[in-house]
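The primary structure of each chain is shown beneath.
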Amino acid sequence: RIVCFRCGDDQGVDPTPTTRCLPLRTRLCHYTIQAGDSLNSVARDYMLNRNWLGLWAANPWLGTPDLALSPGSVLRLGPTYRARSGDTLAALAGRMGTTVKLLLWANPALALAPQDALPAGTLLCILPCRRAGRTPRWR
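What you see is a predicted model, and the numbers here were worked out from it, not measured in a lab.

Attention now goes to the environment of L53. Within the secondary structure, L53 is located in helix α2 (residues 52-58). Under the relative-accessibility criterion, L53 is labelled partly exposed at 45%. For the pair L53 and L22, spaced 31 residues apart in the sequence, the C-alpha separation amounts to 36 Å.

Here the focus is the side chain of T122. Along the polypeptide, T122 turns up in the loop between α4 (100-106) and β6 (123-125). A distance of 2.7 Å separates a polar side-chain atom of T122 from the backbone oxygen of P119.

Turning to the pattern of salt bridges, a few remarks are in order. According to the stated counting rule, one finds 1 salt bridge in the structure shown. Residues D87 and R95 are paired through a salt bridge, measuring 3.4 Å at the closest nitrogen-oxygen approach.

According to the stated counting rule, one finds 1 aromatic pair in the structure shown. Considering the side-chain rings of W52 and W56, the 6.3 Å spacing of their centres and the 45 degrees angle between planes classify their relative orientation as tilted. With a gap of 4 residues between them, W52 and W56 both fall in helix α2, about one helical turn apart. For W56, a relative accessible area of 32% puts it in the partly exposed group.

A few words on the confidence of the model for the protein chain. This prediction gives the protein chain a mean pLDDT of 81; 91% of its residues lie at or above 70. Ranking the helices and strands of the protein chain by mean pLDDT puts strand β5 (residues 80-82) first, with 93, and strand β1 (residues 2-7) last, with 81. Scored below 50 in pLDDT, residues 131-139 shows 17 contacts in the model against residues more than four places distant or in partner chains.

So, about the state of the cysteines. One pass over the structure, following the stated rule, counts 2 disulfides. Here C29 is linked by a disulfide to C125, with a sulfur-sulfur distance of 1.8 Å. Residues C29 and C125 are joined through a disulfide that is right-handed, its torsion about the S-S bond being 90 degrees. Here the residue C29 occupies a position in the loop between β2 (18-23) and β3 (30-32), and C125 occupies one in strand β6, the gap between them amounting to 96 residues. Comparing C29 with C125 shows no difference in burial state: the two are buried. When the cysteines of the protein chain that form disulfides are numbered from the N-terminus onward, they connect as 1-2, 3-4. This cysteine, C7, is not joined by any disulfide, and C21 carries the nearest cysteine sulfur, 10 Å off. Assessed through its relative accessible area of 45%, C7 is described here as partly exposed.

What counts, and where the lines are drawn
Residues numbered from 1 in each chain as written. Predicted model: local features only at pLDDT ≥ 70, side-chain atom pairs only at ≥ 80, totals over all residues. Heavy atoms only, no water. Helix = DSSP H or I, 4+ residues; strand = E, 2+ residues; numbered from the N terminus. Buried < 20%, exposed > 50% of the residue type's maximum accessible area, 1.4 Å probe, protein only. Polar contact = N/O pair within 3.5 Å; in protein donor to acceptor, adjacent residues only side chain to side chain. Salt bridge = Lys/Arg side-chain N within 4 Å of Asp/Glu carboxyl O. Phe/Tyr/Trp six-rings, centres within 6.5 Å; stacked < 30°, edge-to-face > 60°. pLDDT = per-residue confidence, 0-100. Contact = heavy atoms within 4.5 Å. Disulfide = S-S within 2.5 Å.

Here you go:
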């Protein structure tokens, strides 16, 4: 994916804005730890229902959760899912214990209505919600 930035001089020295485009590559469902991060703050920032235990379980390399996270290390935020023929956001959200809103938030490249079929083969980041009495069914 290519991301373009348009930059200008707010002091009026050079009134001609410049556009620069850069290739941007991200890893789906991953987060690079910054200084000062904790499992709790990452869970809160990624709307994981403030449940840092899920992050800890998804990242067995962490060992003891009380130790400081190392900046530059990569956390897995949740599982990925490859869409099958006939999958919709609404059906997937129900099956995975999440919401359509959270699926769209975690997968900003999607521009679909909840009832629209996902293109088969589309890779999605699944950030589960924890609702009382509800356990996601992973396939």
